[in-house]
Amino acid sequence: MSETGSVLKGDPRLEKLRWSRRLSLTSRILFVNVLPLVLLGGGVIYVDAYRKQLLDERFKLALVEAQITAEALAGATPQRQEALLIQIGKEQRLRLRVYGPDGKLESDSFQLAPPSFTLPRKEDVDQDAFALQLDRWFDRVVGAPALPDYLEPESDDAEDWPELRRAREESLTQIVLRDAPDGTHVINAAAPVGLDGDTLLLTRNPVDITESVREARSTVALIVLLALAISTLLSLFLAQTIVRPLRELVQAAIRVRQGRDRQVEVPRLPQRRDEIGMLARSISDMTAALRQRIDAVEHFAADVAHEIKNPLASLRSATESLGKVEDPELRAQLLEIAIHDVRRIDRLVTEISDASRIDAEMSRTEFEPVDLARLLCTIFESREARDENEGRRLEISGADDPVWVMGVPVRLERVIENLLDNAVSFSPPQGRIWADISRSDDWVTLAICDEGPGIPEEKREKVFQRFHSDRPEEEDFGNHSGLGLAIARTIAEAHDGTLVATTRTDGEDGACLRLGLPAKR
């Protein structure tokens, strides 16, 4: 598993990200932009329902008025009918017309007395063009059907009114809604009068309905405009809260890229609990990780140059002296030194190459089940066969049964080999080296101990640093690169494991290097 993958496990920042979804920029932007639409849609629906309710009430009223008036006119004398038409038309603000059996107009309340209401003329409509346009827009939004225009016929005859024809044919009260030139409604109700074939036409212009609806629509429009203005301001504010921190992050990223300020701080924006804040903290953490990686590479390069410089200087001195020395014995010594230095450089290059590619290689490698006990036994047998233990006795305990872990066999073998090489280096001649495998719950521990001088407590972390080499005095100089334990720990951590140095548990002199790995589930 890669280093990044191990860091993300249980990362509290992910929990904060999940928690902050309710404060996310997406929800804020949606709220700011949807609010005016919601208000507009709700207002339009409310106003349309309000208009329909008022019209339904006036329809019922017109129907009742037409029926009552028709009953009052039935059987009345012509003089009485005219008096009723004048009285009812004036009190209820209606226009009442009576048509005879032949369809001809017999009586008209507007001709008998001054009109109780006046429909606007077409030339007056331009003065209220905005209200008409607003009415059309609202009707178009709610899908209201277009109403026929109210037009007075030139020759007022029953055949000119469809509702009158139906009322005469069906002997039932009929009601029709039309639009006046100014956008107000005109309600016509036609009802048969008695049994003589007369017909009543009642005309009402409920201006109050149009005024109430327009007032409600104006209120809705005002609220929507106000919400739109607030939404625009909030959008600008929200955009500014997004753009400003992003600008700061861009500028910091440019400075980091240019490397002009080594100590440049990427703003973490701790007060932000949204995606911008998460982005800022992620970039800050990424920058810190990159700096650490760059510093590690620079230190590694410096250490490599330092480590190679010494054998190169020795090799150069030996080769330059070869041409000047005549003594065969001294030339042989110089040649041996040169060969030793070449081997040392070759060993350094090999170790450095391995150390530099382990991280990338482990991040791409898929783990497989590995029997750590069997792998350890195989390595012990191979080392004995190659005589790589230099007379030290190797012992194993806890390897009778399989001990399974997930990992890369070749890399785990490298870890064990490096730990055994270290133990051989510090063990006295004919000393004992033993390895113990134990399992506790979901964790496997491999301890490799020796009878050497041990590792002082203050140096137990330093031994895992690259190129750190604190070798026994009797060991030949240059036989170790100082990368063995560093490589071993890198591999262990890439397996989600650990590698630490401790003392022996029996209290005797010596060191124990303990490799911990997750057990296979």
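A.B. asks: Could you give an account of the sheet that holds strand 3 (residues 174-179), naming the residues involved and the relevant values?
C.D. replies: If you walk across this open sheet you meet the 5 strands as 2-1-5-4-3, and the pairing is antiparallel. Looking at which strands have only one partner, the edges of the open sheet turn out to be strand 2 (105-108) and strand 3. The mean inter-strand angle of the sheet, taken between neighbouring strand axes irrespective of direction, is 20°. Taken together, the 6 bridges between strand 3 and strand 4 (residues 185-193) define a ladder with antiparallel strand orientation. The residue of strand 4 that forms the bridge with Ile175 is Ala189. Against the sheet, helix 7 (residues 162-170) makes contact with strand 1 (95-99), strand 3, strand 4 and strand 5 (198-204), and its axis sits at roughly 175° relative to strand 3, the strand it touches most.

A.B. asks: Please give an account of the state of the cysteines that cites residues and values.
C.D. replies: Per the counting criterion, the structure on display carries 1 disulfide. Paired through a disulfide, Cys449 and Cys512 show a sulfur-sulfur distance of 1.9 Å. Disulfide Cys449-Cys512: the torsion about the S-S bond is 105°, which places it as right-handed. Note that Cys449 is positioned in strand 10 (residues 443-449) and Cys512 in strand 12 (residues 511-518), a separation of 63 residues in sequence. Accessibility assignment for this pair places Cys449 and Cys512 in one class, buried.

A.B. asks: Which residues make up helix 4 (residues 78-92), and what values do they have?
C.D. replies: For an α-helix, 3.6 residues make a turn, and residues three or four places apart therefore share a direction. Here helix 4 contains 15 residues, and its C-alpha end-to-end distance of 21 Å stays within 8% of the 21 Å for a straight helix at 1.5 Å per residue. For helix 4, the complete set of buried residues consists of Gln81, Leu84, Leu85, Ile88 and Gly89. Buried positions in helix 4, seen along its axis, are confined to an arc of 115° and lie on one side of it. In helix 4, the exposed residues that point more than 90 degrees away from the buried face are Gln79, Lys90 and Glu91.

A.B. asks: I'd like to hear about the packing of aromatic side chains, residue by residue, with values.
C.D. replies: As enumerated under the stated definition, the model contains 2 aromatic pairs in all. Note on Phe110 and Phe117: the rings are 5.2 Å apart at their centroids and 70° apart in plane angle, and the pair reads as edge-to-face. Across the pair, Phe117 and Phe110 agree in class, each one buried. Across the ring face of Trp434, the terminal group of Arg432 is positioned such that the distance to the ring centre comes to 3.9 Å. Sitting over the ring of Phe464, Arg489 keeps its end group 4.0 Å from the ring centre.

A.B. asks: So what's going on with the pattern of salt bridges? Which residues, and what values?
C.D. replies: Two side chains of opposite charge can pair, provided their charged atoms sit close to one another. Throughout the structure, instances matching the rule amount to 19 salt bridges. With its nearest N and O atoms 2.9 Å apart, the salt bridge here joins Arg178 to Glu163. Note that Arg178 is positioned in strand 3 and Glu163 in helix 7, a separation of 15 residues in sequence. Taken as a pair, Arg178 and Glu163 share a single burial class, namely buried. Among the charged side chains, a network of salt bridges with common partners joins Arg95, Arg97, Asp108, Glu152 and Asp156.

A.B. asks: Describe in detail the sheet that holds strand 9 (residues 432-440), supporting the description with residues and values.
C.D. replies: Here we have 5 strands laid out as an open sheet, ordered 7-9-10-12-11, and mixed in their pairing. Sheet topology places strand 7 (393-397) and strand 11 (498-503) at the edges, where each strand pairs with a single neighbour. Put simply, the sheet's adjacent strands are angled 20° from each other on average, direction ignored. Along the sheet, helix 11 (residues 372-386) contacts strand 7, strand 9, strand 10 and strand 12; its crossing angle with strand 7, the most-contacted strand, is approximately 165°. Along the sheet, helix 13 (residues 484-494) contacts strand 11 and strand 12; its crossing angle with strand 11, the most-contacted strand, is approximately 130°.

The rules behind the values
- Residues numbered from 1 in each chain as written.
- Predicted model: local features only at pLDDT ≥ 70, side-chain atom pairs only at ≥ 80, totals over all residues.
- Heavy atoms only, no water.
- Pairing = 2+ DSSP bridges.
- Helix = DSSP H or I, 4+ residues; strand = E, 2+ residues; numbered from the N terminus.
- Axes fitted to C-alpha atoms, helices over the stretch in contact; angles between N-to-C directions.
- Contact = heavy atoms within 4.5 Å.
- Disulfide = S-S within 2.5 Å.
- Buried < 20%, exposed > 50% of the residue type's maximum accessible area, 1.4 Å probe, protein only.
- Expected span 1.5 Å × (residues − 1).
- Arc of directions from axis to C-beta.
- Phe/Tyr/Trp six-rings, centres within 6.5 Å; stacked < 30°, edge-to-face > 60°.
- Lys NZ or Arg CZ within 6 Å of the ring centre and 35° of its normal.
- Salt bridge = Lys/Arg side-chain N within 4 Å of Asp/Glu carboxyl O.

Everything listed is a geometric property; what it means functionally is a separate question.
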